[in-house]
Amino acid sequence: MTDFSQLHSSIKLVPLVKMRVCVAAQRDLQQSRVDFLTAQFDPEMFGYPVVNQREGHFYIIDGQHRVNAVKAYLGGGWEKQSVSCRAYEGMTEKQEAEMFDRLNNVLAVSAFYRFRVRVTAGRPVECAVKKAVEKCGLQIATGKAEGTVSAVGTLVKVYDRSDAATLSRALTIINTSFGVMGMSNHLIDGVARVCTRYNGALNDGTAVEKLRELRGGVGQLMAKANLLRNQTHQSTPECVAAAVVDV
C-alpha cells in the first residue's frame, strides 16, 4: 500500500493534448456525464483534475469527465489549451489505480469499475477472485457474453465467506449447467452455499447433469427459489441453495 503523504504534488498548467487515461486505473467514460457537465459548465466549479506525469504524458487519475467536458466547452482548438491540475510525477500505473480508489471512496463508482481498479492496484482479495474466475475458464467483464461474469460484488462475498476453490467450483457448475444465463448474483451465491454446505458429499458431475436436465433451466430454478422464499421468508440465495439441493 502506497503512502501518498510521501509523494509530492503541485498545481500546474497541463496541456489538454498531453492528457491520457489509463483504462485499467479508471472507470469507463460515460458520455452522458460529459454531456451533462458540458451543458452546466462553470469554470469556477471546474476544480483541479488529478494527474500523474509519466512517459511524456499526464495520466488522469481523477477528473476524466471534467477534462472531456472542458474540451467540448472549448470546441475547436482545444488542443492548444491547458488546464490547472494537481500534478504528481513518476507514479506507477498501480499507484494511479490505488489513488483513484482512495479518491473515489466517497463517490458513486460502480462495483465493477472499483473491482477492476483494485485488481490493477494489486489488492489481494480482488486479485485472488480474478484468478479463481479465470481458473474455471471465465473472464470478468460487463455484459452478457458467453464465458463472462460481471457480478463482482457477489464474487468477492463468496470468496470472503469461503475460499477461492469454492468460488471456482460454484462458477464451473453454473457455467456448465446454464452458461452465461446462470451468472447472476443470487445463483452464484446460492450454488456456492451448496458447495460449502455439502463439501465432500456433493458430486459436481451429478449436480451438472441434474441441473442441465431441469426443464425451464434457470427460470424454473429461480421460480422454485422464489416459491421457497415466499413460504419460508429466507434470503433469496438460501432459497436458491435449497432449490438446487431439491433438484
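Just so you know, these numbers come straight off a predicted model, no measurement behind them.

**Q** What is the right way to look at the overall build of the protein chain in this model?
**A** When helices and strands are tallied, the protein chain shows 11 helices and 7 strands. On C-alpha atoms alone, the protein chain measures out to a radius of gyration of 23 Å, which is more than a quarter above the 18 Å that the 2.2 N^0.38 rule sets for 247 residues. Out of the 247 residues in the protein chain, the part that is buried amounts to 44%. For the protein chain, the separation between the mean place of its 30 positive charges and that of its 24 negative charges on side chains is 1 Å.

**Q** I keep staring at the side chain of Ser177 and nothing clicks. Help me out?
**A** Along the chain, the position of Ser177 falls in helix α7 (residues 164-178). Residues within four places of Ser177 in sequence aside, it is in contact with Val208, Leu211 and Arg212.

**Q** In this structure, what is going on with the sheet that holds strand β5 (residues 82-89)? I would like to understand it.
**A** The strand order across the open sheet built from 5 strands is β1-β5-β3-β4-β2, with neighbouring strands paired in mixed fashion. Edge positions in the open sheet fall to β1 (10-15) and β2 (19-20), since each of these has one partner strand only. Along the sheet face, helix α2 (residues 64-74) touches β2, β4 (57-62) and β5 and points at about 120 degrees away from the line of β4. Against the sheet, helix α3 (residues 93-103) makes contact with β3 (50-54), β4 and β5, and its axis sits at roughly 30 degrees relative to β4, the strand it touches most.

**Q** Just to check I follow, could you spell out the packing of helix α6 (residues 152-161) against helix α8 (residues 185-197) for this structure?
**A** Each pair of packed helices can be described by the angle between their axes along with the distance between the axes. Relative orientation of the contacting elements α6 and α8 amounts to 15 degrees, with a least axis distance of 9 Å. Classified by the angle their axes make, α6 and α8 are roughly parallel. Relative to α8, α6 is oriented so that their crossing is right-handed. The segment α6 lies against α8, with Thr154, Leu155, Lys157, Val158 and Arg161 engaging Asn185, Ile188, Asp189, Ala192 and Arg193. Along the lines of polarity and charge, the residues of the contact of α6 with α8 split into 4 nonpolar, 2 polar and 4 charged.

**Q** In this structure, what is going on with the packing of aromatic side chains? I would like to understand it.
**A** Summed over all chains, the structure comprises 2 aromatic pairs. Pairing Phe112 with Tyr113 gives two aromatic rings, centres 5.2 Å apart and planes at 85 degrees, and the pair type is edge-to-face. Just as Phe112 is buried, Tyr113 falls in that class too. The ring centre of Tyr59 lies 3.9 Å from the NZ or CZ of Arg54, which sits over that ring.

**Q** Please explain unusual backbone geometry as it appears in this structure.
**A** Glycine aside, negative phi is the norm for most residues, and most peptide bonds take the trans geometry. If you check the backbone angles, Glu55 has positive phi at about 55 degrees while not being a glycine. Inspection of the secondary structure assignment puts Glu55 in the loop between β3 and β4. The class of Glu55 is exposed, set by a relative accessible area of 65%. Here the phi dihedral of His233 falls at roughly 65 degrees; this positive angle occurs in a residue that is not glycine. Structurally, His233 is set in the loop between α10 (217-232) and α11 (236-246). A residue is classified by how much of its surface remains accessible, and His233, at 69% relative accessible area, is exposed.

**Q** Would you explain the environment of Ser177 in this entry?
**A** For Ser177, a relative accessible area of 12% gives the class buried. When the C-alpha atoms of Ser177 and Leu211 are compared, they prove to be 5.9 Å apart, with 34 residues separating the residues in sequence.

**Q** Please clarify how the packing of α3 against helix α4 (residues 111-120) should be interpreted in this entry.
**A** Packing of α3 against α4 brings their axes to within 8 Å, and their N-to-C directions diverge by 145 degrees. The chirality of how α3 crosses α4 is left-handed. Residues Glu93, Lys94, Ala97, Phe100 and Asp101 of α3 lie in contact with α4, whose contacting residues are Arg114, Val117, Arg118 and Thr120. Here the contact of α3 with α4 is built from residues that sort into 3 nonpolar, 1 polar and 5 charged.

Parameters and conventions
- Residues numbered from 1 in each chain as written.
- Predicted model: local features only at pLDDT ≥ 70, side-chain atom pairs only at ≥ 80, totals over all residues.
- Heavy atoms only, no water.
- Helix = DSSP H or I, 4+ residues; strand = E, 2+ residues; numbered from the N terminus.
- Rg over C-alpha atoms; globule rule 2.2 N^0.38 Å.
- Buried < 20%, exposed > 50% of the residue type's maximum accessible area, 1.4 Å probe, protein only.
- Lys, Arg positive; Asp, Glu negative; His and termini not counted.
- Charge placed at Lys NZ, Arg CZ, Asp CG, Glu CD.
- Contact = heavy atoms within 4.5 Å.
- Pairing = 2+ DSSP bridges.
- Axes fitted to C-alpha atoms, helices over the stretch in contact; angles between N-to-C directions.
- Parallel < 35°, antiparallel > 145°, perpendicular 65-115°, else oblique.
- Left-handed = near helix turned anticlockwise from the far one by under 90°.
- Nonpolar A, V, L, I, M, F, W, Y, C, P; charged D, E, K, R; others polar.
- Phe/Tyr/Trp six-rings, centres within 6.5 Å; stacked < 30°, edge-to-face > 60°.
- Lys NZ or Arg CZ within 6 Å of the ring centre and 35° of its normal.

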